[in-house]
Amino acid sequence: MGSTGRALLRAVIMGPPGSGKGTVSSRIIKHFALKHLSSGDLLRDNMNKGTEIGVLAKTFIDQGKLIPDDVMTRLALHELKNLAHCSWLLDGFPRTVPQAEALDKAYQIDTVIDLNVPFEVIKQRLTSRWIHPSSGRVYNTEFNPPRKIGIDDITGEPLIQREDDKPETVTKRLKAYEAQTKPVLEYYRNKDVLETFSGTETNIIWPQVYAFLQTKLPDISQKEEVTP
């Protein structure tokens, strides 16, 4: 712990799939003494270890159902008990208002970092992957496009998109995220802890997040450059 005598920071990061949340989280962890708690990682970890709650969660996943609020809440709060003496950054939890309310009963949330990237930008980002099925070659229409749209450079065969990368699937995922999290963002906005950072790319958003967190915590990576 830094000897600055500052209180611990209880933070949550939110952002749709493709918003760069993973990148921003890893930069936050690199610069500030925060423990990153990702509900996805926690879930996988518990399922792999076959813990009681992991086994329970797996039954819902296997049925293609969402994991109920009380199960996710138990999972997160149990883990947070181990981090009582750390500042932390929650990622992927809370996803619903009941989860946020349960978290509030246990901890005072100081700040919720909301990454606001335009829908169209994310959609473009998430639908840019094309695959040549027989060789497994992957193209990205933004970073390494094929020489001819929709055609493999080497064989001249057509490229396909995985189900997950198709515009309709991506749109559905983004709409589902929005429907689920809008009430959570409202909940935190009403509590006056929501901080929204907007931009079309991580390198625009990160400096804003960094400047904001610097007002809350000391940078522990002074020796390195600010922009990783």
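Thresholds applied
Residues numbered from 1 in each chain as written. Predicted model: local features only at pLDDT ≥ 70, side-chain atom pairs only at ≥ 80, totals over all residues. Heavy atoms only, no water. UniProt positions renumbered as here; feature names shortened; annotations may be inferred. Helix = DSSP H or I, 4+ residues; strand = E, 2+ residues; numbered from the N terminus. Buried < 20%, exposed > 50% of the residue type's maximum accessible area, 1.4 Å probe, protein only. Polar contact = N/O pair within 3.5 Å; in protein donor to acceptor, adjacent residues only side chain to side chain. Contact = heavy atoms within 4.5 Å. 1 Å grid on protein atoms, 1.4 Å probe; cavity = no way out; pocket = protein on both sides within 12 Å on 5 of 7 lines; lining within 4 Å. Points joined across faces, edges and corners; volume = space filled by probe spheres on them. Nonpolar A, V, L, I, M, F, W, Y, C, P; charged D, E, K, R; others polar. Salt bridge = Lys/Arg side-chain N within 4 Å of Asp/Glu carboxyl O. Phe/Tyr/Trp six-rings, centres within 6.5 Å; stacked < 30°, edge-to-face > 60°.

For the protein chain, the name recorded in an unreviewed UniProt entry is GTP:AMP phosphotransferase AK3, mitochondrial, with Phascolarctos cinereus as its organism. Here the protein chain is described in UniProt, under the heading Function (unreviewed entry), as follows: "Involved in maintaining the homeostasis of cellular nucleotides by catalyzing the interconversion of nucleoside phosphates. Has GTP:AMP phosphotransferase and ITP:AMP phosphotransferase activities."

A.B. asks: Would you mind going over the UniProt feature "domain: Adenylate kinase active site lid" (unreviewed entry) in the protein chain in detail, with residue names and values included?
C.D. replies: Annotation from UniProt places "domain: Adenylate kinase active site lid" (unreviewed entry) at residues 129–164. The annotated region residues 129–164 carries 0% helix and 22% strand content, and the separation between its end C-alpha atoms amounts to 10 Å.

A.B. asks: Which residues make up the side chain of Gln161, and what are the values?
C.D. replies: With respect to the element layout, Gln161 can be found in the loop between strand E6 (137–140) and helix H7 (167–190). The class for Gln161 is buried, based on a relative accessible area of 12%. Separated by 2.7 Å, the side chain of Gln161 and the backbone oxygen of Thr127 make a polar contact. A polar atom in the side chain of Gln161 sits 3.2 Å from the backbone oxygen of Asp165. Non-local contacts of Gln161, meaning those with residues more than four positions away in its chain, are made with Thr127, Arg129, Trp130, Lys166 and Pro167.

A.B. asks: Summarise empty space enclosed by the protein; cite the residues concerned and give the values.
C.D. replies: Taken as a whole and assessed by the stated rule, the structure comprises 1 cavity of 30 Å³ or more. Along the walls of the largest cavity sit Leu37, Ser39, Leu42, Met72, Leu75, Ala76, Leu90 and Phe93, which together make up its complete lining. When residues of the lining of the largest cavity are traced back to their parent elements, those giving at least two are helix H2 (39–49) and helix H4 (69–81). Looking at the lining of the largest cavity element by element, the count peaks at 3 residues for H4. Residues of the lining of the largest cavity, tallied by class, amount to 7 nonpolar, 1 polar and no charged.

A.B. asks: Describe the pattern of salt bridges, listing the residues and the values that go with them.
C.D. replies: Scanning the model with the defined rule gives 13 salt bridges in all. A salt bridge links Glu163 to Lys166, with the shortest nitrogen-to-oxygen separation between them at 3.3 Å. Looking at Glu163, the relative accessible area reads 52%, which means it is exposed. Lys166 gets classed as partly exposed once you look at its relative accessible area, which sits at 26%. Glu178 serves as the salt-bridge partner of Lys182, at 3.7 Å between the closest nitrogen and oxygen. Note that Lys182 and Glu178 are positioned in helix H7 at a spacing of 4 residues, about one turn of the helix. Assessed through its relative accessible area of 37%, Glu178 is described here as partly exposed. A single network of salt bridges, built from pairs that share partners, joins Arg129, Arg162, Asp164 and Asp165.

A.B. asks: Can you break down the packing of aromatic side chains residue by residue, with the values?
C.D. replies: On inspection of all chains with the given rule, the structure shows 5 aromatic pairs. Look at Phe32 and Tyr210: their rings are 5.6 Å apart centre to centre, the planes differ by 40°, and that puts the pair in the tilted class. In this pair, Phe32 is assigned in the loop between helix H1 (21–31) and strand E2 (34–38) and Tyr210 in helix H8 (residues 202–214), connecting sequence segments 178 residues apart. Assigned by exposure class, Phe32 and Tyr210 land together as buried. Judged by centre distance (5.6 Å) and plane angle (50°), the rings of Trp206 and Tyr210 are tilted. In this pair, Trp206 and Tyr210 both sit in helix H8, 4 residues apart, roughly one turn of the helix. A relative accessible area of 1% places Trp206 in the buried class.

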